[in-house]
Amino acid sequence: MTMFHFFNCAILTFGPHAVYYSATPLSEYDTLGTSVKAAVVYLGTALVKLVCLATFLQVSENDGFDPYQELLKALIGFIDVAGLYFALTQLTHRNISQNHKFQAVGLGWAFADSVLHRLAPLWVGARGLEFTWDYILQGLEANANLVLSISLAALASLIWLRKNKPKTLIPIIYACAGIVATMPSITSYLRRGLGWYFPKVVGFELFTSLVMAFISWQLFSACQRPSA
Amino acid sequence: MATLKKSTELLESMYSVIALLFILVACVELCDAAAAVDVYRLIQYDMSGSPFGSRFAALNHHAASLSFPPGADLSRTVLIIPLRELNITFVREYITQKKPLGGLLFLLPEVLSFKHGGNKQVHEKEKMKKLLAELERLLVHSNIPYPVYFAFENDDIDTVLADIKKNDAMGQPATATTGGYKLVIPTAEPKKVASPTITNIQGWLSGLKADGDANQLPTIAIVASYDTFGAAPALSVGSDSNGSGIAALLEIARLLSLLYSNPKTRGRYNLLFGLTSGGPYNYNGTQKWLRSFDQRLRESIDYAICLNSIGSWDNELWIHVSKPPENAYIKQIFEGFSNVAEELDLKVGLKHKKINISNPRVAWEHEQFSRLRVTAATLSELSVAPELFEGTGGLFDGRQYVNETAIIRGVKLVAESLARHIYGHQGKNVQIFADESSLAVNPAYIRSWLDLLSQTPRVAPFLSKNDPFVMALKKELADHADEVNVQHENLEGIFTFYDSTNARLNIHQVASVTFDLLLLLVLGSYLIVLFCFLVITTRGVDELISLFRRPPSRKVKTA
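What you see is a predicted model, and the numbers here were worked out from it, not measured in a lab.

A.B. asks: Please give an account of the sheet that holds strand β1 (residues 35-41) of chain B that cites residues and values.
C.D. replies: Residues and elements named next belong to chain B. As summarised here, the arrangement of the seven strands in space is β1-β8-β6-β5-β4-β9-β19, forming a closed barrel in which the pairing is mixed. For this sheet, the mean angle separating the axes of adjacent strands, direction not counted, is 35°. Alignment of strand β4 (residues 59-64) against strand β9 (residues 180-185), held across four bridges, turns out to be antiparallel. Bridged to Asn 60 within β9 is Val 184.

Structure (structure tokens):
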């Protein structure tokens, strides 16, 4: 049960990141440096978020959904977006096309997120004799998170890096970016406010991540076309 | 200089972080079980070199219930048997025919637990008592080469058992490939208890010596053995055998010490109270205690009354003797008891059992006295002498099986008879320990001692020299007697005991190995599909195909 199950869950959680890196042209252009830098920026962002949460948030006794607290958490979540902005624009990257830049940043971001949030529970929990479905679901969640991160990075790069965007698409881009950025709040509302079980929440995350990925892909390719 | 200091500080803080990390990594295996239960192991002992009891302690096998498919291989499974489904013939078959089994776990009803059961009523007392006695007899006298444990039923275990029964009914006993429940008890190999000690406590109450009387005053001894023996030593509280005897002895000591505290009412007899250990082992402790006496003291003992199981009788008690009933002393003792018994509206019978010096088996405590030519008798509710390791405080001998009123009446009988003999009031209708007097029997005293005894397992090899319970007995006796002595002896050489009497059982719900393999297959194919999908969408189908085409051979180029 023990190490085998841990190995299975580990490849489910971290495998797609490696596969993504090797399968797409990212490996050809050697964008590992960008990904690593993005991961470090994520670490910094996480620390800042932690400090803000500790300072401003109150711990509630019951596990219910408190709108005020959730709003506060969402606002602090926007620090995520600020971090992404920093990673995309301020860091010096080697001369790589914008197309690959956002992918590399998104990948590094998602990998750091998975490691920080999922490695420790996996190590402590999945190696025991007791079997639960939790770690497999957590792996699926990591997959959804990867897709979401890349789409968020795509939308962010559209917002800040591309100067000539068709006017009509701008509000759509901002709207989609807003939805993706507030995904954590939405999932926590579903889990606590509506009382959805973990498998259902993970299913919802997977579905929305695919949908948002598709939409952002369409938006990106639409912006690629030279404006007539 | 400053930078060097700073860097060492940084390094030190790093060390603490690394140390923390190591601790975290090491602490992983701490319990994450579906349920954790306290379990009590079957006793393990050697008698004259022959092994008895359960010879193993550690457990790490799959669980099965009694509804396992016939013909299944159980050599690596633990059978969980609740008491209500126990079939003695089935267990006896398994043990006597030495069929291979991974382990046995017996589930006892929660009412029998002295920690949680409390004072709830036991349904079908007699049936349960008989069943438990039979099970105990079978287990204690067999040599079982796998772990046997007892546990009390609670909600966790009940749900687990129901689940196991469901799985078994579907014809799938739990093995490594089909999942199910795994029972894990991580203990070390049981070790021998080095030189087990038995502790005898004696209390001496001096009688009134008349001036100019050079001779030693005669002595009357009242003895009870306080240790127990049972199938599960951690559960052997022996409320009736012999908790009732101890509570009675302490109450008698209290009453007589009240009389003796005043010189005007002090009798012309010395009183010797003995709390002996080693009872289940042919009253080994009593023998050693008596042997340690001065010859003169032994000769001065007029007679000794031994108390054994006086807690659950209705109307009849027995006095067991080894000297023939025609003996003058025996007649005197029996008449004294009978007179008091008549007044108290109960019956006392006399039973004579000759002792056989060559037979090492000693069934009653008075026999040890008789072997040293001291007149003695045992007062007991049992009419027949118990066999070896029977009636020594087993699984069923808990608080619910003892009746305080019976003990109170027993105390009145003994105290009154003794007092009439001491003060020379035999045959006279005088009530010394009348109710409502200052010398009345105190029910609360008896009850509190009985409660304490019913929560203290007292198997002698597992009681250390300075065990708090033994110290408490000594202190209590010291309150009533003039002089208290404690004697430590080693238990007779033919018995060897092994430790590890209780443990914690972890019940894990495990998935089978096939499940893991299946999951690996699924994940592998998922990653491969993802890889191909990404290659196709980002680089085109040609790239994918080119990954599999072999590069053109060198030979062709150089040709």
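Next comes the rest of the account.
A.B. asks: How would you explain the pattern of salt bridges if you had to name every residue and give the values?
C.D. replies: Residue and element names in this part refer to chain B. Applying the stated rule across the entire model yields 16 salt bridges over all chains. Between Glu 85 and Lys 165 there is a salt bridge, with the nearest N and O atoms lying 2.6 Å from each other. Of the two residues, Glu 85 is situated in the loop between β5 (77-82) and α2 (88-96) and Lys 165 in helix α4 (residues 155-169); the sequence distance between them amounts to 80 residues. Since its relative accessible area comes to 28%, Glu 85 is described here as partly exposed. A salt bridge links Arg 420 to Glu 343; its shortest N-O distance comes to 2.8 Å.

A.B. asks: Could you give an account of the sheet that holds strand β13 (residues 301-308) of chain B, naming the residues involved and the relevant values?
C.D. replies: Residues and elements named next belong to chain B. Taken in spatial order, the eight strands of this open sheet run β15-β14-β16-β13-β11-β12-β10-β17, and their pairing is mixed. Unpaired on one side and paired on the other, β15 (347-352) and β17 (483-490) mark the two borders of the sheet. Going across the sheet, the axis of each strand differs from the next one's by a mean of 20°, ignoring polarity. Taken together, the seven bridges between strand β11 (residues 219-225) and strand β12 (residues 270-276) define a ladder with parallel strand orientation. Paired with Val 223 across the strands is Gly 274, a residue of β12. On top of the sheet, helix α5 (residues 239-261) reaches β10 (197-205), β11, β12 and β13; it is set at about 150° to β11, its chief contact.

A.B. asks: With reference to specific residues and values, describe the environment of Ala 72 of chain B.
C.D. replies: Looking at the element boundaries, Ala 72 of chain B is found in the loop between β4 and β5. Sequence separation between Ala 72 of chain B and Thr 496 of chain B is 424 residues, and the spatial gap between their C-alpha atoms is 36 Å.

A.B. asks: How would you sum up the interface of chain A and chain B? Please name residues and give values.
C.D. replies: Contacts between the two partners involve 28 residues from chain A and, on the opposite side, 27 residues from chain B. Each partner contributes to the roughly 2500 Å² buried at the junction of chain A and chain B, and carbon and sulfur atoms together form 68% of this total. The tally of links between chain A and chain B comes to zero salt bridges. Linking chain A with chain B are two residue pairs in polar contact (both at pLDDT 80 or more). Secondary structure elements with two or more residues in the side of chain A that touches chain B: α1 (2-23), α4 (98-125) and α5 (134-160) of chain A. The leading source of residues in the side of chain A that touches chain B is α1 of chain A, at 12 residues.

A.B. asks: Go over unusual backbone geometry with me, naming the residues and quoting the values.
C.D. replies: Residue and element names in this part refer to chain B. Omega for the bond connecting Ser 241 with Asn 242 falls within 30 degrees of zero, at 5°, which places this linkage in the cis form. Inspection of the secondary structure puts Asn 242 in helix α5. Notably, Ser 309 is not glycine yet its phi reads approximately 55°, a positive angle. Positionally, Ser 309 belongs in the loop between β13 and β14 (316-321).

Calculation notes
Residues numbered from 1 in each chain as written. Chains lettered and ligands numbered in written order. Predicted model: local features only at pLDDT ≥ 70, side-chain atom pairs only at ≥ 80, totals over all residues. Heavy atoms only, no water. Pairing = 2+ DSSP bridges. Helix = DSSP H or I, 4+ residues; strand = E, 2+ residues; numbered from the N terminus. Axes fitted to C-alpha atoms, helices over the stretch in contact; angles between N-to-C directions. Salt bridge = Lys/Arg side-chain N within 4 Å of Asp/Glu carboxyl O. Buried < 20%, exposed > 50% of the residue type's maximum accessible area, 1.4 Å probe, protein only. Contact = heavy atoms within 4.5 Å. Buried area = accessible area lost by both parts, 1.4 Å probe. Polar contact = N/O pair within 3.5 Å; in protein donor to acceptor, adjacent residues only side chain to side chain.

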